[in-house]
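Notes for the structure review
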Amino acid sequence: MYYTTSGSYKKTKMIIDYTNIVLTVAATVIFIIVLFLRSRSGILFPIEFLLGTIVNALTSVKHFINGNKVSGLIAAVVAVILLAYGGVAIYYQSHFLNHTYINNSDCSNMTATEVAAIMDQQSQQYSLQILGRDENGVQEEIGTITASEIGMYWVDTLNAAQELLNRQNEFLWIEMLWSTQNHDVVQGVSYDADKLQEQLAQMPALQNKNMIAPEDAYISEYSEKNKNYEIIPETMGIELNNNLVEEVVSTAIMQGDTTVDLEEQGCYETAKITAEDAALVKACDTMNKWVSAQITYDWNGNKVVVDGDTIHEWIQTDNKDPQLDEEAIEEFVAEQAKEYDTYGKKRKFTTVQGIELTLPSGAYGWKTDREEEVKELTASIEKGENIDKEPVYSSKGAQKGSDDIGNSYVEIDLTNQHLYLFQNGSIVLETDFVSGNMSKAGCMTPPGVFGLTYKTKNAVLRGADYETPVNYWMPFNGNVGMHDATWRGSFGGTIYLTSGSHGCVNLPLNMAAAIYEYVSTGFPVVCYYY
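Everything in this summary refers to the structure shown in the same document.

The rules behind each value
Residues numbered from 1 in each chain as written. Predicted model: local features only at pLDDT ≥ 70, side-chain atom pairs only at ≥ 80, totals over all residues. Heavy atoms only, no water. Pairing = 2+ DSSP bridges. Helix = DSSP H or I, 4+ residues; strand = E, 2+ residues; numbered from the N terminus. Axes fitted to C-alpha atoms, helices over the stretch in contact; angles between N-to-C directions. Phe/Tyr/Trp six-rings, centres within 6.5 Å; stacked < 30°, edge-to-face > 60°. Buried < 20%, exposed > 50% of the residue type's maximum accessible area, 1.4 Å probe, protein only. Lys NZ or Arg CZ within 6 Å of the ring centre and 35° of its normal. Parallel < 35°, antiparallel > 145°, perpendicular 65-115°, else oblique. Left-handed = near helix turned anticlockwise from the far one by under 90°. Contact = heavy atoms within 4.5 Å. Nonpolar A, V, L, I, M, F, W, Y, C, P; charged D, E, K, R; others polar. Salt bridge = Lys/Arg side-chain N within 4 Å of Asp/Glu carboxyl O.

**Concerning the sheet that holds strand 3 (residues 127-133)**
- With respect to topology, 3 strands assemble into an open sheet ordered 4-3-10, the strand pairing being mixed. Taken across any chain shown, the strands that pair with only one partner, and hence form the sheet edges, are strand 4 (139-146) and strand 10 (259-261). Taken over all neighbouring pairs, the strand axes of this sheet differ in orientation by 20 degrees on average, direction set aside.
- Bridging between strand 3 and strand 10 involves 3 bridges; their strand directions are parallel. Looking across to strand 10, one finds that I130 is bridged to V260.

The structure is reproduced here in structure tokens:
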């Protein structure tokens, strides 16, 4: 009831009423904000609040009828606002909030059934791009798998949509008037495995006839131009492991991936040995060290060069563990020895009388110690040495070459029983002698070219039926040698035919002494008949 008897009272009353209106509206707004914040934390309106709102609405009507129009109007406005907010919230218990997107599709105000239909459509739009590479490593597309090709669909989309709807807070509908929310839903997938295999089998890159196997890195053949070996890099190839491809593609489909890179997933067969393989690099370095060697021989006066062009033929390798072929090196040394050794070979010799003879060889001449030379040559190659050398000899001649007797030697003319001692091409001594008894078996002095075995003084010569001391002993062919024979009164002539020695060359004492001073171990001794 308003009083009208006083103007100031009416004015005061009006101020009070408007103040009540402002405070009531402010309280309502604060209440709604608090309610909104509580709803964000998951605390829902109690049903009693809605019932209380209805009671408040009825009360506001009563106040309005009774004449308290301002209070009634305010209560009515608050009741309407709360009823509207709660009513919208109830609507969104069965519908998705405004600005809700699922897998980038707008699902605002839709039911779970409607969203499930959209998800079903989305599943049929699915495709998987399969990437691979060519043999040069450049990425390329191998093919595409679509949902319809493999009978693919998402499992139980209605249940997934309903679960998503159940998780939303319907009292946040007012916030969603200006906000946006997107849900990425990865639903269970079902597809026909046989159809997937059929689709993969149709892709050219997955057909065996189009695959190129990778090749391991390896060591090249020896280059005579560059005098070395090099590592040939591995090739990538384009050979795919089809079983692994199917597994990788299947996983991508189940995860909802839109692309899968077979290279990244390790589906390509790879070379087992790469150019960086430590064992391969070590083997190549070792082989290059060997072929860098150069051994220049003076092989009995002949130049023989062993370098990479020869050595590479002696290298055996499986790309990991190179070995020098010992048999090949032995064969090489044997060939050179056979070619250049003079030991054991017949020789042409021109006598003092100018007669050219072909004489057998005794223990004289150049002879390579093959076993030791194989060891030295192998060691030089393994070290990569660049050297000049002679082979290891077990016997040497007086001079190098096929005519290895030289111009200092003893010439024993067994036919004429006369000896000549040459020194630097000149005869410095000659004498008659008595050689082996020609009438007694096994006593003939053998012809040939020999080297002095050694020399000694005051030796005792022993045989089956004799024991004879001599002053100068100079053997050149086993037990056959030159020595003084003080028991003889004469030398030369035909004595040797019936009264010769056991095989030695018997000399006058003074001649034996003189010869002894000239000769040394290895000094050539040439014996001949004609």
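From this point, things continue past the structure.
**Overview of the packing of aromatic side chains**
- Applying the stated criterion to the full structure yields 14 aromatic pairs.
- Aromatic side chains Y91 and Y92 sit 5.0 Å apart centroid to centroid with 75 degrees between the ring planes, which places their arrangement in the edge-to-face category.
- On the accessibility criterion, Y91 (36% relative accessible area) is partly exposed.
- For Y92, a relative accessible area of 9% corresponds to the buried category.
- Look at F349 and Y528: their rings are 6.2 Å apart centre to centre, the planes differ by 45 degrees, and that puts the pair in the tilted class. In this pair, F349 sits in strand 15 (residues 347-350) while Y528 sits in strand 28 (residues 524-528), placing the two residues 179 residues apart along the sequence. Neither F349 nor Y528 differs from the other in exposure class; each is buried.
- Its guanidinium or amino end placed over the ring of Y268, R133 lies 4.2 Å from that ring's centre, counting from NZ or CZ.
- Above the ring of Y516, the side-chain terminus of K455 is found at 4.6 Å from the ring centroid.

**What to know about the packing of helix 6 (residues 193-201) against helix 7 (residues 242-255)**
- Where helix 6 meets helix 7, the axes come as close as 11 Å, and the angle between the chain directions of the two elements is 120 degrees. Here helix 7 runs oblique to helix 6, going by the angle between their axes. In the packing of helix 6 onto helix 7, the handedness of the crossing is right-handed. Touching L196, Q197 and L200 of helix 6 are E246, V249 and I253, all from helix 7.
- Of the residues assigned to the contact of helix 6 with helix 7, the class counts are 4 nonpolar, 1 polar and 1 charged.

**Digging into the sheet that holds strand 2 (residues 105-106)**
- Here 3 strands make up an open sheet; going across it, the order is 2-1-6 and the pairing mixed. In the strand order of this sheet, the two ends are held by strand 2 and strand 6 (181-183), each with one partner.
- When strand 1 (residues 100-102) meets strand 6, the two strands line up parallel, connected through 3 bridges. Within the sheet, the bridge partner assigned to Y101 lies in strand 6 and is N182.

**Concerning the pairing of strand 12 (residues 302-306)**
- Note: strand 11 (residues 294-299) against strand 12, 5 bridges, orientation antiparallel. Counted as the bridge partner of W299 is N302 from strand 12.
- The antiparallel hairpin formed by strand 11 and strand 12 contains 2 residues in its connecting segment, where N300 sits at a positive phi of about 55 degrees.

**Some details on the pattern of salt bridges**
- Per the counting criterion, the structure on display carries 9 salt bridges.
- In this structure, the salt-bridge partner of D309 is K227, at a minimum N-O distance of 2.7 Å. Note that D309 is positioned in helix 9 (residues 308-311) and K227 in the loop between strand 8 (218-219) and strand 9 (231-232), a separation of 82 residues in sequence.
- By relative accessible area, K227 is classed as partly exposed at 40%.
- In this structure, the salt-bridge partner of E390 is K400, at a minimum N-O distance of 2.2 Å. Of this pair, E390 sits in the loop between strand 18 (386-389) and strand 19 (393-395) while K400 sits in the loop between strand 19 and strand 20 (409-413), placing them 10 residues apart in sequence.

**Considerations on the environment of D307**
- Topologically, D307 is positioned in the loop between strand 12 and helix 9.
- Between the C-alpha atom of D307 and that of Q294, which follows or precedes it by 13 residues, the distance is 4.5 Å.
- Sequence-distant contacts of D307, that is, excluding residues within four places in its chain, are made with A293 and Q294.

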